[in-house]
Amino acid sequence: DTGVSQNPRHKITKRGQNVTFRCDPISEHNRLYWYRQTLGQGPEFLTYFQNEAQLEKSRLLSDRFSAERPKGSFSTLEIQRTEQGDSAMYLCASSLGDRGLQDTQYFGPGTRLTVL
Amino acid sequence: KQEVTQIPAALSVPEGENLVLNCSFTDSAIYNLQWFRQDPGKGLTSLLLIQSSQREQTSGRLNASLDKSSGRSTLYIAASQPGDSATYLCAVRIGGSSNTGKLIFGQGTTLQVKP
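Residues numbered from 1 in each chain as written. Chains lettered and ligands numbered in written order. Predicted model: local features only at pLDDT ≥ 70, side-chain atom pairs only at ≥ 80, totals over all residues. Heavy atoms only, no water.

Q: When you look at the pairing of strand S5 (residues 44-51) of chain B in this model, what are you seeing that I'm missing?
A: Along any regular strand, the residues point their side chains to alternate faces of the sheet. Residues and elements named next belong to chain B. When strand S4 (residues 30-38) meets S5, the two strands line up antiparallel, connected through 7 bridges. For phenylalanine 36, the partnering residue across the bridge sits in S5 and is serine 46. The antiparallel hairpin formed by S4 and S5 contains 5 residues in its connecting segment, where glycine 41 sits at a positive phi of about 70 degrees. (Pairing = 2+ DSSP bridges. Helix = DSSP H or I, 4+ residues; strand = E, 2+ residues; numbered from the N terminus.)

Q: Please clarify how the interface of chain A and chain B should be interpreted in this entry.
A: Interface size is commonly expressed as the accessible surface area that is lost when the partners come together. Each partner contributes to the interface: chain A provides 22 residues, whereas chain B provides 22 residues. The junction of chain A with chain B conceals about 1700 Å² of combined surface from both sides, 46% of it contributed by carbon and sulfur atoms. Run the count over chain A and chain B and you get 1 salt bridge. Our enumeration of links across chain A and chain B arrives at 4 residue pairs in polar contact (both at pLDDT 80 or more). Looking at the side of chain A that touches chain B, the elements with two or more residues in it are strand S4 (31-37), strand S5 (44-50) and strand S9 (88-95) of chain A. Looking at which element gives the most residues to the side of chain A that touches chain B, the answer is S4 of chain A, with 4 residues. Class assignment for the residues of the side of chain A that touches chain B results in 10 nonpolar, 8 polar and 4 charged. (Contact = heavy atoms within 4.5 Å. Buried area = accessible area lost by both parts, 1.4 Å probe. Salt bridge = Lys/Arg side-chain N within 4 Å of Asp/Glu carboxyl O. Polar contact = N/O pair within 3.5 Å; in protein donor to acceptor, adjacent residues only side chain to side chain. Nonpolar A, V, L, I, M, F, W, Y, C, P; charged D, E, K, R; others polar.)

Q: Help me understand the packing of aromatic side chains in this model?
A: Pairs of aromatic rings are described using the distance from one ring centre to the other and the angle between the two planes. All told, the structure shown has 9 aromatic pairs over all chains when counted by the stated rule. Between phenylalanine 107 of chain A and phenylalanine 36 of chain B, the ring centres sit 5.3 Å apart and the planes meet at 85 degrees, which makes this aromatic pair edge-to-face. Highlighted residues: phenylalanine 107 of chain A in strand S10 (residues 106-107) and phenylalanine 36 of chain B in strand S4, drawn from two different chains. Phenylalanine 107 of chain A sits in the buried class, given a relative accessible area of 10%. Using a relative accessible area of 0% as the deciding quantity, one classes phenylalanine 36 of chain B as buried. Aromatic rings pair up to connect Tyr33, Tyr35, Phe45, Tyr48 and Phe107 of chain A together with Phe36 and Phe105 of chain B into one cluster. (Phe/Tyr/Trp six-rings, centres within 6.5 Å; stacked < 30°, edge-to-face > 60°. Buried < 20%, exposed > 50% of the residue type's maximum accessible area, 1.4 Å probe, protein only.)

Q: Explain the state of the cysteines to me, please; I cannot follow it from the model alone.
A: The bond known as a disulfide is covalent and runs between the sulfur atoms of two cysteines. Across all of its chains, the model carries 2 disulfides over all chains by this definition. Two residues, cysteine 23 of chain A and cysteine 92 of chain A, share a disulfide whose sulfurs are 1.8 Å apart. Classification of the bridge connecting cysteine 23 of chain A and cysteine 92 of chain A rests on its S-S torsion, roughly -65 degrees, and on that basis the disulfide is left-handed. In this pair, cysteine 23 of chain A is assigned in strand S3 (residues 19-24) and cysteine 92 of chain A in strand S9, connecting sequence segments 69 residues apart. Residue cysteine 92 of chain A is classed as buried on the basis of its relative accessible area of 0%. The disulfide that involves cysteine 23 of chain B links it to cysteine 90 of chain B, with 1.9 Å between the sulfurs. Since a negative S-S torsion denotes a left-handed disulfide, the cysteine 23 of chain B-cysteine 90 of chain B link at about -55 degrees is left-handed. One end of the pair, cysteine 23 of chain B, is in strand S3 (residues 19-25); the other, cysteine 90 of chain B, is in strand S9 (residues 86-94), and 67 residues separate them in sequence. Taken as a pair, cysteine 23 of chain B and cysteine 90 of chain B share a single burial class, namely buried. (Disulfide = S-S within 2.5 Å.)

And the structure:
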């Protein structure tokens, strides 16, 4: 069990550029979540996958954001035409779903995005 | 709409003190409640999870309680140590027909334990 991993850990980009982040969940975890956290705040939910199906998207996820989980394993989060307001920590979490007794969510280390 | 609030926002205590962190939520229809720890610039580490049917959970020096009817949870830390310094986050999972598994977080309490 290697835990949830995220890459890259840090990303600095210029306004208007596209960025893509990757999340590798704990193996056999069928649920995968993306959250966004700004300084001094708790994480906010962005989107959720059950296997490869994206089952819920927050209103925070504008049309510039897209997430995929093509084979029900790793996931990518892409932000197009980045804006300074997109600067935040992007966190990925995975869980066993309700097959697991408690469905604890395990978080990765996050990707820190800075948009200049 | 479920809202989660944590008070205080920051707390500083001398080493060895017992302390309580508070979390309140507006809708009692929760599936579970989870406490996390976050070190600066890092991801979240799960500490304790309490199912909606449970009243408390314990792990080492940590004890979390849940009172659904009043919309409150507390995290009790016994004999605090400098290594406990971190931000503690409370999160609820919504229950009922909206039970997708997503967590609603509070803003966190930043704890500093002074040697």
